[in-house]
Each structure stands twice: as structure tokens, then as C-alpha cells.
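# Survey of secondary and tertiary structure
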Amino acid sequence: MAKIYNFPTKAFRDITKERVDVVTIASGFMGGVVKVYECEGTVIIHSENKKSSHASISNDLGQVKEWEIRYAIEHILKRGITEVNIKVSNTGVVHIRNKEMNSLSQ
């Protein structure tokens, strides 16, 4: 049975205009459009171009929570859990990428 997530009432807010420094750096190596979101110490950096969509989630004060990962997938990447790849770096940053679309007709 599918688990229904009730996200906290405090959603991530768009702080892109406040974090031009992060956007400038991320645009340099991620490319595409970069947006920055924040909620209670957790930051999501989302980059998207014609080929891919990527979100990096980090929290300097502690571990990234499961609901924050789900929120990023469903509300920022606008995907389902089975449509993404998730990796956690040694520093605890969660990286989420959309799975590549492979066509059998190619």
C-alpha cells in the first residue's frame, strides 16, 4: 500500500533572489536555470535544463529528513519516487536526479 505523505505546514520558500552567490556558483557547473529553496536550515538547490533536472539537499544543522527528500521530488522536481535516482554524498548532501529516458525504439 502506498504511503501518503502529509507535509508540514511550513513549506520550503524560494530564496533565489536572496542567494545570488549560490545561483552564480551553481549555474557555473550545473548550467540551466537554478533556484534555491529553504526551510528551517535545510537548503535545496534545484537546477534544470533541457536534458535533466537535479536537486541537492543539505542541512548544516543536521541530517536531511525523509519528508524533505519527498518534498523535493514531488514539489520541486515534480516527479514520482520511481522516476528519480537518489545518492547521498560523504558530506550528507542528498543528490536527486531524474532518471534518463531510454527509448527501446532507438
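Look a little higher up for the structure.
Pairing is antiparallel in the open sheet, where 6 strands are placed in the order 1-2-3-4-6-5. Lying at the two open borders of the sheet, with one neighbouring strand each, are strand 1 (13-14) and strand 5 (84-88). Pairing of strand 3 (residues 42-48) with strand 4 (residues 53-59) involves 7 bridges; the strand directions are antiparallel. Residue pairing across strands places I44 opposite I57, the latter belonging to strand 4.

Attention shifts here to unusual backbone geometry. One non-glycine residue, E40, lies in positive phi territory at about 50°. Of note, E40 is situated in the loop between strand 2 (33-39) and strand 3. Classification of E40 as exposed rests on a relative accessible area of 54%. Although it is not a glycine, K78 sits at a positive phi angle of roughly 55°. Examined against the element boundaries, K78 turns out to sit in the loop between helix 2 (66-76) and strand 5.

Here the focus is the pairing of strand 2. Of all 7 residues in strand 2, 5 are buried, a share of seventy percent or more. Two elements, strand 1 and strand 2, share 2 bridges in a ladder whose sense is antiparallel. Residue D14 lies in a different strand from strand 2, and its bridge partner there is Y37. Inspection of the sheet shows strand 2 paired to strand 3 by 7 bridges, in the antiparallel sense.

On to the nonpolar core, then. In terms of nonpolar packing, the biggest core is built from 17 residues, with F12, I44, I57, I69, V94 and I96 touching the most fellow members. No other element matches the 6 residues that helix 2 contributes to this core. Setting aside residues up to four positions removed in sequence, I44 forms contacts with F12, K35, V36, Y37, A55, S56, I57, A72 and I76. Of all hydrophobic cores here, the second largest spans 7 residues; its members include V22, V23, A26 and I45.

Quick look at the packing of aromatic side chains now. The full count for this structure, using the stated rule, is 3 aromatic pairs. Where W67 meets Y71, the ring centres are 6.4 Å apart and the plane angle is 85°; that geometry is what we call edge-to-face. Separated by 4 residues within a single helix, W67 and Y71 lie in helix 2, roughly one turn from each other. Its relative accessible area of 18% is what places W67 among the buried residues. Residue Y71 is classed as buried on the basis of its relative accessible area of 12%. By the ring-pair criterion, three or more aromatic residues cluster together here, those being F12, W67 and Y71.

Analysis parameters
- Residues numbered from 1 in each chain as written.
- Predicted model: local features only at pLDDT ≥ 70, side-chain atom pairs only at ≥ 80, totals over all residues.
- Heavy atoms only, no water.
- Pairing = 2+ DSSP bridges.
- Helix = DSSP H or I, 4+ residues; strand = E, 2+ residues; numbered from the N terminus.
- Buried < 20%, exposed > 50% of the residue type's maximum accessible area, 1.4 Å probe, protein only.
- Core = buried A, V, L, I, M, F, W, Y, C linked by side-chain atoms within 4.5 Å.
- Contact = heavy atoms within 4.5 Å.
- Phe/Tyr/Trp six-rings, centres within 6.5 Å; stacked < 30°, edge-to-face > 60°.

These figures capture arrangement, not role.
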